[in-house]
Amino acid sequence: MKRCLSVAEAVRAASILYELNSKPEGVLALARQAELPCSDPGAEKALLREWRAFVHAAVLYGLMIQAPNIVVVEYLRVTQDMLRHEGYTPDEAERFVDEAFRAYVEPLLRTQTKECPAVFGRLIGRELADVPPRAAAVVSGVMAMIFAAVLDKLEQYEFAAE
């Protein structure tokens, strides 16, 4: 029998999934493995912003598939708090939502998860076809694992529509 989560518990679980999959040390290890630019503070900040946008969108996607709409809405409501906790200013948080996050949400609303690596390619200013194959494979593989992990975890629960 699956454990039933209240809306608040579901939002907290989703937030934990986001936190676990967007830790800076893991993102920077991925960048080194994929030979992505992160050698200076500006490049590192851009990389973390892009990855966080992807992970936030991936968790949202999982909620859209598994949870009632109220959970999805409440998860979106905590976005500003999550970003503030990560050190984003209100202006940076607004740009994050309007630019990076939106870029990942758009293909996910069309259930086109395979488009996410191409969106990520904008970090280095290239089309996916122009990214070295190893880098594309590493990033695409990790993105696929994130989707699978989020969906697998959320599938373990039932959600109350309070």
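As the structure is a prediction and not an experimental result, all values here were calculated from the model.

## Some details on the pattern of salt bridges
Close approach of charged atoms allows side chains with opposite charge to pair. Evaluation of the coordinates by the stated rule reveals 9 salt bridges. The salt bridge partner of E99 is R49, with a shortest N-O separation of 3.2 Å. Within this pair, whereas E99 is found in helix α6 (residues 90–109), its partner R49 is found in helix α3 (residues 41–66), the two being separated by 50 residues in sequence. The salt bridge partner of R102 is E106, with a shortest N-O separation of 2.8 Å. Of this pair, R102 and E106 both sit in helix α6, 4 residues apart, which is roughly one turn of the helix. Judged by its relative accessible area of 47%, R102 falls in the partly exposed class.

## Observations concerning the packing of aromatic side chains
Considering all chains together, one arrives at 7 aromatic pairs under this definition. Measuring from centroid to centroid gives 5.1 Å for W51 and F54, while their planes differ by 50°, and the two rings are tilted. You can see W51 and its partner F54 sitting in helix α3, 3 residues apart, about one turn around the helix. Take F54: its relative accessible area is 0%, and that puts it in the buried class. Ring centres of W51 and F120 lie 5.8 Å apart, and the angle between their planes is 90°; on these two criteria the pair is classed as edge-to-face. Highlighted residues: W51 in helix α3 and F120 in helix α7 (residues 116–120), separated in sequence by 69 residues.

## Brief notes about helix α8 (residues 133–155)
Look at α8: 32 Å from first C-alpha to last across 23 residues, which is about the 33 Å you get at 1.5 Å a residue. All buried positions along α8 are accounted for by A135, A136, V138, V139, M143, I146, F147, V150 and L154. Contacts made by the buried residues of α8 are with α1 (7–21), α2 (24–34), α3, α6, α7 and β2 (157–159).

The rules we used
- The numbering scheme is per chain: residues are counted from 1 as the chain's sequence reads.
- Per-residue local features are limited, in this predicted model, to residues with pLDDT of at least 70; the limit for side-chain atom pairs, both in listing and counting, is 80 or more; totals at the level of whole chains, interfaces and linings are taken over all residues.
- Computation of side-chain values covers all heavy atoms of the structure but excludes hydrogens and water.
- One side-chain nitrogen of Lys or Arg within 4 Å of one carboxyl oxygen of Asp or Glu is enough to make a salt bridge.
- In this description a helix means any DSSP run of H or I spanning at least four residues, a strand means any run of E spanning at least two, and both kinds are numbered starting from the N terminus.
- Using a 1.4 Å probe on the protein chains alone, a residue whose accessible area is under 20% of its type maximum counts as buried, one over 50% counts as exposed, and one in between counts as partly exposed.
- Two rings from Phe, Tyr or Trp (for Trp, the six-membered ring) form a pair when their centres are within 6.5 Å of each other. A pair whose planes differ by under 30 degrees is stacked, one over 60 is edge-to-face, and the rest are tilted.
- Working rule for helices: expected span equals 1.5 Å times residues minus one.
- Any two residues whose heavy atoms approach within 4.5 Å at even a single point are treated as in contact.

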